[in-house]
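# Topology and contacts: notes
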Amino acid sequence: MPDETYIQLLRLRTELRRFLRWSEQQAATEGLTGSQHQLLLAIRGHADPRGPTIGEVAGYLLLRQNSAVELVNRADAAGLVTRSRDDSDHRVVRLALTEDGAARLERLSAVHLVELERLKLRLPNLADGLETEDTR
């Protein structure tokens, strides 16, 4: 691969790490950890209006189920999420955001969209310059 490919991959990885660090700092301004922010996003972004299960949230966050349970426990104790039994299968627990959780997520999402636009301007057409043998 040409040197430029490595330069672009480095730029991409560096900017992703900066974005993730910035994102965690933004979450902290809302009194959240980065994991709590991701949890709120996983709940709000879930397509099923009944809300995700803990297993689905674990999948979104790339966590083991028991780790997701602990994260949900802490978010529940902080007043960010609620749990409810599924209407059709009472063994299933569904998650939803509280008003406070939804408000914090909305504020975070607004600043994240602005930051993503800025990042897009810093890395224009990056993928176009990443050639591999498969794309040549």
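It should be noted that the structure appears before, not after, this text.
A short tour of the structure in this document, coming up. Per chain, the residues get numbers from 1 upward, laid out in the order the sequence is written. Where local features are concerned, this predicted model is filtered to residues with pLDDT of at least 70; where side-chain atom pairs are given and counted, the filter is 80 or more; whole-chain, interface and lining totals use all residues. Water and hydrogen atoms were dropped before computing side-chain values, which therefore reflect all heavy atoms in the structure.

## A closer look at the layout of surface pockets
Within this model, the largest pocket holds a volume of roughly 160 Å³. Together, 13 residues line the largest pocket, and Ile43, Arg44, Leu95, Ala96 and Leu97 are the ones closest to its centre. Among the elements of the structure, helix 2 (34–45) and strand 2 (93–97) are those that each provide at least two residues to the lining of the largest pocket. Take the lining of the largest pocket: its biggest share by element is 3 residues, from strand 2. Each residue receives one of three labels: charged for Asp, Glu, Lys and Arg, nonpolar for Ala, Val, Leu, Ile, Met, Phe, Trp, Tyr, Cys and Pro, and polar for the others, Gly being one of them. A class-by-class count of the residues in the lining of the largest pocket yields 7 nonpolar, 3 polar and 3 charged. Using only the protein atoms, space was sampled on a 1 Å grid; points where a 1.4 Å probe fits but cannot get out form cavities, open sets with protein on both sides within 12 Å along at least five of seven lines form pockets, and lining residues are those with an atom within 4 Å of a point. Grid points are joined across faces, edges and corners, and a volume is the space filled by probe spheres set on the points. Helix and strand assignments follow DSSP, with helices taken as H or I runs no shorter than four residues and strands as E runs no shorter than two, numbered in order from the N terminus.

## Some remarks on helix 2
Here the expected length of a helix is defined as 1.5 Å per residue gap, with one fewer gap than residues. With 12 residues, helix 2 should reach 16 Å at 1.5 Å per residue; the first-to-last C-alpha distance of 16 Å fits that figure. Each residue is assigned to one of three classes by its accessible area relative to the maximum for its type, calculated with a 1.4 Å probe on protein chains only: buried under 20%, partly exposed between the two thresholds, exposed over 50%. Those residues of helix 2 that fall on the buried side of the exposure criterion are Gln36, His37, Leu39, Leu40, Ala42 and Ile43.

## Digging into the pattern of salt bridges
Salt bridges are defined by distance alone: a side-chain nitrogen of Lys or Arg within 4 Å of a carboxyl oxygen of Asp or Glu. The full count for this structure, using the stated rule, is 12 salt bridges. Glu15 serves as the salt-bridge partner of Arg18, at 2.9 Å between the closest nitrogen and oxygen. Residue Arg18 and its partner Glu15 are located together in helix 1 (residues 3–29), separated by 3 residues, close to a single helical turn. Residue Arg18 is classed as partly exposed on the basis of its relative accessible area, which comes to 47%. Note that Asp89 and Arg91 form a salt bridge whose closest N and O atoms lie 2.9 Å from each other. By relative accessible area, which is 71% here, Arg91 ends up exposed. In this structure, a network of salt bridges that share partners links the residues Asp48, Arg50, Glu56, Asp86 and Arg94.

Bear in mind that shape data such as this cannot, by itself, settle questions of function.
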